[in-house]
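Inside the fold
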Amino acid sequence: VNNAGITSLAPFSEQTLEQHQRIIGVNLGGTLNGCALLIPLLARQEEAHIVNIASMAAFGGFPLKSTYCASARQRRLPRWLKKPYNSANKAAGSSL
């Protein structure tokens, strides 16, 4: 299970570029890093799954959390990752 997330409660225009980058770095970067570390190990298994847990923010928006909501779109990543592994019984999945 791959899960990471932080947020900041402030209007978008009142957050610094560093705050936006940190939120994106943890929320999207954490998911990418987890997948990058796991895929080589799991590719050697007969059957393997990566489950990325995403926030409900991926489906809509929340006031004062625009950067967080944008970073929650990583929930679609498993769909893009699994295509090269489908023929070898490999799978990636996403869950809420």
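These lines cover the structure that appears in this document, whether it is placed above or below.

Moving on, we get to the overall build of the chain. The helix and strand tally for the chain stands at 3 helices and 2 strands. Mapped from its N terminus to its C terminus, the chain presents α and β elements in the order α-β-α-α-β. Across the 96 residues in the chain, those meeting the buried criterion constitute 31%. Taking all contacts inside the chain whose residues are at least 6 apart in sequence as the whole, residues at least 24 apart take part in 61%.

Of all hydrophobic cores here, the largest spans 6 residues; its members are Ile23, Ala57, Ala58, Tyr68, Cys69 and Ala72. In this view, Tyr68 contacts Ile6, Thr7, Ile23, Asn27, Ser55 and Ala57; residues no more than four positions away in its chain are not counted.

What counts, and at which threshold
- Residues numbered from 1 in each chain as written.
- Predicted model: local features only at pLDDT ≥ 70, side-chain atom pairs only at ≥ 80, totals over all residues.
- Heavy atoms only, no water.
- Helix = DSSP H or I, 4+ residues; strand = E, 2+ residues; numbered from the N terminus.
- Buried < 20%, exposed > 50% of the residue type's maximum accessible area, 1.4 Å probe, protein only.
- Contact = heavy atoms within 4.5 Å.
- Core = buried A, V, L, I, M, F, W, Y, C linked by side-chain atoms within 4.5 Å.

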